[in-house]
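# Structural overview for review
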Amino acid sequence: MCQVSALRRIRGFSFHRRTFAKILSSRCVLDSPLLSFTSRPVRAFYSDRFVLPLPDGHRFPMQKYRMLRDAVADVLPSVSLEEAPHTSDGVLALAHHPHYIHRVTSGALSDAEQKAIGFPWSPEMVERSRRSAGATIAACRAAIMAGTAVNLAGGTHHAQSDRGEGFCVFNDAAIAARLMQAERRVSRVAVVDLDVHQGNGTASILATDDSVFTLSLHGENNYPFDKAVSDLDVALPDGTDDDSYLAQLASALSQMFERFSPQLIIYLAGADPHEGDRLGRLKLSMAGLAARDRMVFDAARTRGLPVAVAMAGGYGRVIDDTVAVHLQTVSIASSYCSAGLETA
Ligand SMILES: [Zn+2]
């Protein structure tokens, strides 16, 4: 283990590059029958230039975002990397209370509020949160034009309308869904949340909104322990493996499309159902997670629906594993990015 750490320190990114290139040349991705469908580069929006100053030893893996962008640039050259735009207070207010937005942006959050979020307040925290929401907004607009687009961060699904929690300040999916409706790009949106933690903030913000369907597949024993009510919740027991997970996902997607006809899917492709995750409690393999991603994209493609992807959580015991899961999702998203889909 010491040797591996030393190699990482000495060789730096070249170590990761070989790791990720090996993953992308594995069966998981190359078996995709849809690679040949690619007709334009997928757009991926990043915000990792806006890094939070965190205390030493902080458990949030902030470096994964830079590692992911570097890996995408290095092994997926066809992906178009673009810096995420800033999100204004007015747009944030589509999903958040103005008093909460003001407390965040002016540095007036109480100690208890900062503790619930899990990050100390800083101007960088505000800017990063604005950019992360901006990346999901940009990915939604791009997906509506091209079929698929990606936010290399986002999926901050624990943020509530009047408070943040669980490393989430603003709820990017709820904001983006409402903005796409306000811009008259679509009228019905589905949030398909496959992060291992329940999308409680998204469910709460959109609880009375029939125009946005919230689906969450999550570990029943994971945070948040006091779950909200999504339009469709699937709570999975500890140790759920690939086959069980994929069967539950197929059933959930089928139920969702029976009940709701979305014109856009916002897909939270959390890396934390992976068997190597510190927090996840599930046992999905890399191949299982690739099959998960394809199941969502296939369901969307069959119906001619655009998909905007956000990375959401990932807390691997080995951070390379988390980055590899996210990278695999970006690669698969890229393989589904094709010429314009009419949705409005
Ligand atoms: Zn999570």
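A brief look at the structure comes next. As the structure is a computational prediction, the values presented were derived from the model and not from experiment. (Residues numbered from 1 in each chain as written. Predicted model: local features only at pLDDT ≥ 70, side-chain atom pairs only at ≥ 80, totals over all residues. Heavy atoms only, no water.)

## Quick word on the packing of helix 12 (residues 286-302) against helix 13 (residues 319-335)
Where we set the bar: Here an angle of 0 to 180 degrees is reported between the N-to-C directions of two axes, which are lines fitted to C-alpha atoms, with helices fitted over the stretch in contact. Put simply, DSSP marks the helices as runs of H or I at least four residues long and the strands as runs of E at least two long, and each gets a number from the N terminus on. Here is the rule for handedness: rotate from the far helix to the near one, and if that takes an anticlockwise turn smaller than a right angle the crossing is left-handed, while a clockwise turn gives right-handed. Only heavy atoms matter for contacts: two residues are in contact if any of them lie within 4.5 Å across the pair. Residues are grouped as follows: nonpolar covers Ala, Val, Leu, Ile, Met, Phe, Trp, Tyr, Cys and Pro; charged covers Asp, Glu, Lys and Arg; every other residue, Gly included, is treated as polar.
Running from N to C, helix 12 and helix 13 point in directions that differ by 35°, and their axes come no closer than 10 Å. Every pair of crossing elements has a handedness; the one defined by helix 12 and helix 13 is right-handed. Contacts between helix 12 and helix 13 involve M286, L289, A290, R292, D293, R294 and F297 from the first element and A324, V325, Q328, T329, I332 and A333 from the second. Partitioned by chemical class, the residues of the contact of helix 12 with helix 13 number 8 nonpolar, 2 polar and 3 charged.

## A word on the pattern of salt bridges
As a reminder, the rule being used: Here, a salt bridge means any Lys or Arg side-chain nitrogen found within 4 Å of an Asp or Glu carboxyl oxygen. Only protein chains enter the accessibility calculation, which uses a 1.4 Å probe. A residue is then buried if its area is under 20% of the maximum for its type, exposed if over 50%, and partly exposed in between.
For the structure on display, the rule yields 14 salt bridges. Across the pair D70 and R66 runs a salt bridge, and its minimum N-O distance is 2.9 Å. Remark: R66 and D70 occur in helix 4 (residues 63-75); sequence separation between them is 4 residues, near one turn of the helix. On the basis of relative accessible area, R66 is assigned to the partly exposed category, the value being 44%. For D162, the salt bridge identified is with R163, shortest N-O distance 3.5 Å. A relative accessible area of 37% means that D162 is categorised as partly exposed. One network of salt bridges, in which partners are shared, links R141, E183 and R185.

Such coordinate-based values are descriptive only and should not be taken to indicate function.
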